[in-house]
Amino acid sequence: MQVTTLEWVITGVVILGLFVFDFFAHVRTPHEPTFKESAFWSAVYIGLALLFGGVVAWKWGGTYAGEYYAGFVTEKALSVDNLFIFLIIMSSFAVPRIYQQKVLLIGIVLALVMRGVFIAVGAAAISAFSWVFYLFGAFLIFTAVKLLRESGHEAEHEEQRDSRIVALAKRILPTTDQYDGDKLVTRVDGKRVVTPLLMALLAIGFADLLFALDSIPAIYGLTEQPYLVFTANAFALMGLRQLFFLIGGLLDRLVYLSYGLAAILAFIGIKLVLHALHENTLPFVNGGEHVTVPEISTPMSLGVIIGILVVATVASLLRTRKTSV
């Protein structure tokens, strides 16, 4: 897949432009989004993501479009799970709903920047060392097991992380427990202090860093093209702010989502290990020769990922149907 520097620049400018538009059109003036507003713009951003897949198919072919869609669906699913953590953080810091949009948008931009760094590092590692797929695969399987162990206790783990972040920040920065509108820094008795809004942003930024460690190896298990990895991540993050307000009330009902995501990460981890064996160059594995193993195709990956998400979502809604009535 050949992507010119101009195509990279155009893509970056368009994505940056969408975030700038989102800020000035929706976030600059603090308000709590309505259900209609959130639903409309969520649909717009998902539509743009699907349309971009068509551009990939037209420009580079159906195979790469399939890889992009598989990556987008996976990253979007992981992003929905991230929303639950964001909800915990907002609740922990008691962030007023009219200011939550600003925290989310800044956090999403930070997430994209951090993922861009990880994407570049991952691409360099893959091009230099084929055995890195072993590491990615093992890490994803480990993450899947860890996710299973923490399922049902996400709130406790996140609150513990938040308390450590707050304690560290208060040692370094002068802070206040009072909000001053949507300001991140304010003045108290003539001194500049950090507001709880910035503390919440720091917590979300740290959470985004942890999410990037999981998501980047996962998508590299579906495509080795940095351009597709970046755009799938960018489009998955776009509209995440609107999605937060759209399905915030449903997050508690997705009780099996963590199990589904654990299954997806384990599946991609196995796919990466199989690919590493197929491309093997390690001298202590099969004498440094390639190992003949079955490889999982992109269409099969996409089908398995969507299937797991559908089963996890339907099972969650059925499980919580009685309690929600």
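Residues numbered from 1 in each chain as written. Predicted model: local features only at pLDDT ≥ 70, side-chain atom pairs only at ≥ 80, totals over all residues. Heavy atoms only, no water.

J.: Give a description of the pattern of salt bridges that names residues and reports values.
T.: Here the structure, examined in full by the defined rule, presents three salt bridges. A salt bridge links Glu 7 to Lys 59, with the nearest nitrogen and oxygen atoms 3.2 Å apart. Of this pair, Glu 7 sits in helix α1 (residues 5-27) while Lys 59 sits in helix α2 (residues 35-60), and the two are 52 residues apart along the sequence. Its relative accessible area of 17% is what places Glu 7 among the buried residues. We note a salt bridge from Lys 183 to Asp 180, for which the minimum N-O separation is 3.7 Å. With relative accessibility at 43%, the residue Lys 183 sits in the partly exposed group. (Salt bridge = Lys/Arg side-chain N within 4 Å of Asp/Glu carboxyl O. Helix = DSSP H or I, 4+ residues; strand = E, 2+ residues; numbered from the N terminus. Buried < 20%, exposed > 50% of the residue type's maximum accessible area, 1.4 Å probe, protein only.)

J.: So what's going on with the packing of helix α5 (residues 132-150) against helix α7 (residues 196-220)? Residues and values would help.
T.: Two elements in contact, α5 and α7, have axes whose closest approach is 9 Å; the angle formed by their N-to-C orientations is 125°. The angle between α5 and α7 falls in the class oblique. For α5 against α7, the interelement crossing comes out left-handed. Listed contacts from α7 to Phe 133, Phe 136, Phe 139, Leu 140 and Thr 143 of α5 are Leu 213, Asp 214, Pro 217, Ala 218 and Tyr 220. Looking at the contact of α5 with α7 residue by residue, the classes come out as eight nonpolar, one polar and one charged. (Axes fitted to C-alpha atoms, helices over the stretch in contact; angles between N-to-C directions. Parallel < 35°, antiparallel > 145°, perpendicular 65-115°, else oblique. Left-handed = near helix turned anticlockwise from the far one by under 90°. Contact = heavy atoms within 4.5 Å. Nonpolar A, V, L, I, M, F, W, Y, C, P; charged D, E, K, R; others polar.)

J.: Describe the environment of Leu 18, listing the residues and the values that go with them.
T.: As for its placement among the helices and strands, Leu 18 is situated in helix α1. A C-alpha to C-alpha distance of 8.3 Å links Leu 18 and Met 238, two positions 220 residues apart in sequence. Aside from chain neighbours lying at most four places away, what touches Leu 18 is Tyr 45, Leu 48 and Met 238.

J.: Which residues make up empty space enclosed by the protein, and what values do they have?
T.: This structure, assessed with the given rule, holds one cavity of 30 Å³ or more. Estimates place the volume of the largest cavity at around 30 Å³. What lines the largest cavity is Val 27, Pro 30, Ile 98, Tyr 99, Gln 101, Lys 102 and Asp 182. Top element by residues in the lining of the largest cavity is helix α4 (residues 97-128). It accounts for four residues. Tallied by class, residues from the lining of the largest cavity come to four nonpolar, one polar and two charged. (1 Å grid on protein atoms, 1.4 Å probe; cavity = no way out; pocket = protein on both sides within 12 Å on 5 of 7 lines; lining within 4 Å. Points joined across faces, edges and corners; volume = space filled by probe spheres on them.)

J.: Any details on the packing of aromatic side chains? Residues and values, ideally.
T.: Inspection of the entire model under this criterion finds 14 aromatic pairs. Look at Trp 41 and Tyr 45: their rings are 6.3 Å apart centre to centre, the planes differ by 40°, and that puts the pair in the tilted class. With Trp 41 and Tyr 45 both in helix α2 and four residues apart, the pair spans about one turn of that helix. Take Trp 41 and Tyr 45: they sit in the same class, and that class is buried. A centroid spacing of 6.2 Å and a plane angle of 45° characterise the contact between Phe 52 and Tyr 227, whose relative ring orientation is tilted. A residue pair is termed long-range when its members are at least 10 positions apart, and Phe 52 in helix α2 and Tyr 227 in helix α8 (residues 226-237) qualify at 175 residues. For Tyr 227, a relative accessible area of 4% gives the class buried. Three or more aromatic residues joined by ring pairs make a cluster, and in this case those are Trp 8, Phe 52, Trp 60, Tyr 68, Tyr 69, Phe 72, Tyr 227, Phe 230 and Phe 235. (Phe/Tyr/Trp six-rings, centres within 6.5 Å; stacked < 30°, edge-to-face > 60°.)

J.: Account for the pairing of strand β2 (residues 191-194), with residues named and values stated.
T.: Where strand β1 (residues 185-188) meets β2, four bridges bridge the pair, whose relative direction is antiparallel. From the neighbouring strand, Val 185 faces β2, where its bridge partner is Val 194. Hairpin geometry of β1 and β2 is characterised by an intervening segment of two residues between the two adjacent antiparallel strands and by a positive phi of about 55° at Asp 189. (Pairing = 2+ DSSP bridges.)

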